[in-house]
Amino acid sequence: MSDSVQDQYETYPYPSRDPQDEKKRLITGSPSNLDELNHYLFAGRRNFSKPFRALVAGGGTGDAAIMLGQQLMDRGQGGQVVYLDLSSASRAIAESRATVRGLTNITFLNGSLLDLPTLGLEPFDYIDCCGVLHHLKQPERGLAALTQALKDDGGMGLMVYATYGRSGLYPAQDMLKTLGGDLPLTARVQQAERLLEALPPTNWLRRNPFLGDHKRSAAELVDLLLHSQDRAYSVDEVAALVSPSGLNLVSFIEPARYRPESYLKDPKLLAALDGKSGLEQASFAEKLAGNIKTHVFYASRQNDCMATPDPDGAAIPFLSSLDSAELTRSLRKNPVLTITLDGLPMRFKLPRLTAAIVERIDGKTSVAKIFERLSNLDARLERSSFNQQFAQVYEVLNGFNHLLLRFEPD
């Protein structure tokens, strides 16, 4: 990164965090939640009580490093996290957060991810790199450096800005450069605040309801509007970035955002998309939705590294962010799931057994055991019918990252 980018994060560490808040909550999210990355990168079979090395490249004020450090410590003593960032100010906040939590499994380093090949670090099982590649002059060099630091069976959780959900942002950045590109950063913040107040109702940034980070703090405003080096990616451009690295693009998060059928109900339009590749359909869905402002995705050296329901029913399903009892009550009343993402409600009709299946998802019981318990209540229930209905439930709930799978470690 350039000196101006480093100076920005020294003056305005990002995102804005108070270490004392660690006493009240743990910030979690995608990517890098352990259960989630296990599902997408290790086929649900990773045992985190055994040695596991994670790198957070561009760790900022510590969200991913703290989440990984806490979750690994909760699973045992086998996990280690390396935090790497250019900004000493950001690192100080991240270290303070770790101290408040009593985390001792995070090593903090200052430096650039471009220097990874020369840092002498052992290879990593997992690498988190969020909000960094799109700030590099040559993002492909950054991804190559990360790939070089990855174990052969390892994977990455990545995030880059998305093009269509950031409509109006780049003209606003250009205006602010015209108004005061040579001013000190603190003066530019004041100027940006004045411009935001003066934007006419026809301005595309003002009309974009999906971009609100700049309203939270000065650090968020600077990162969004005053960054000296910033680009966004379409789905196709993400694929073009990942492909030369030798990595496979495993899945975007949340998967349902990238499915045309999440938005289109017209069978003739959907039929016209039959035969299109998964990437082509994701590209279509991104343009159709218009509200995707970041691309979060997992990538791996391996093929077929994502957990899927198996024919024997050995997979153990678990709800990652929903309360089973509450969801069961709702589905008993009406077997329709309504999800609202960035202001867009989406409705999915679910099969007859949905409530009964969800009620028995406890993170310990396999799919085969769930079938056994339901068949004890209804001897007429056939395995084929159950499997078909479970597959439908899985596709919808997993599409929003609410239902994941794991297997008992070998």
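This text goes with the structure placed above it.
This section reports on the structure supplied with the text.

Definitions and cut-offs
- Residues numbered from 1 in each chain as written.
- Predicted model: local features only at pLDDT ≥ 70, side-chain atom pairs only at ≥ 80, totals over all residues.
- Heavy atoms only, no water.
- Buried < 20%, exposed > 50% of the residue type's maximum accessible area, 1.4 Å probe, protein only.
- Helix = DSSP H or I, 4+ residues; strand = E, 2+ residues; numbered from the N terminus.
- Right-handed = clockwise from strand over helix to strand, strands pointing away.
- Pairing = 2+ DSSP bridges.
- Salt bridge = Lys/Arg side-chain N within 4 Å of Asp/Glu carboxyl O.
- Contact = heavy atoms within 4.5 Å.
- Disulfide = S-S within 2.5 Å.
- Axes fitted to C-alpha atoms, helices over the stretch in contact; angles between N-to-C directions.

## Things to note about the pairing of strand β5 (residues 150-161)
- Here β5 lies mainly inside the structure; nine of its twelve residues are buried.
- After leaving strand β4 (residues 124-130), the chain enters helix α5 (residues 139-148) and then returns to the sheet as β5, a path that is right-handed.
- Summarising the sheet, β5 and strand β7 (residues 294-300) pair through seven bridges and their orientation is antiparallel. Of the residues in β7, the one forming a bridge with Gly 155 is Ser 300.

## Things to note about the pattern of salt bridges
- The final tally for this structure, using the stated rule, is 21 salt bridges.
- Two residues, Arg 216 and Asp 213, come together in a salt bridge whose shortest N-O distance is 3.4 Å.
- Glu 408 serves as the salt-bridge partner of Arg 406, at 4.0 Å between the closest nitrogen and oxygen.
- Among the charged side chains, a network of salt bridges with common partners joins Arg 17, Asp 21, Glu 22, Lys 24, Arg 25, Asp 63, Arg 97 and Arg 101.

## A look at the side chain of Ser 90
- When you line up the elements, Ser 90 lands in helix α4 (residues 88-101).
- Aside from chain neighbours lying at most four places away, what touches Ser 90 is Tyr 9, Pro 13, Tyr 14, Gly 60, Thr 61, Tyr 83 and Asp 85.

## What about the state of the cysteines?
- What the rule picks out here adds up to zero disulfides.
- Left unpaired, Cys 130 is separated from the closest cysteine sulfur, that of Cys 129, by 7.0 Å.
- We note that Cys 305 lacks a disulfide partner, and the nearest cysteine sulfur, in Cys 130, lies 17 Å from it.
- In this structure Cys 305 comes out as buried when scored by relative accessible area, which is 7%.

## Topic: the sheet that holds β4
- Pairing within the open sheet is mixed, and its seven strands lie in the order β3-β2-β1-β4-β5-β7-β6. The outermost strands of the open sheet, each flanked by one partner alone, are β3 (106-110) and β6 (248-253). When strand polarity is set aside, the average angle formed by the axes of neighbouring strands in this sheet is 20 degrees.
- Its contacts with the sheet put α4 on β2 (79-85) and β3, and the angle it makes with β3 is roughly 170 degrees.
- Strands β1 (52-57), β4 and β5 of the sheet are contacted by α5, whose axis makes an angle of about 150 degrees with β5.

Everything listed here is a matter of geometry and, on its own, says nothing about what the molecule does.
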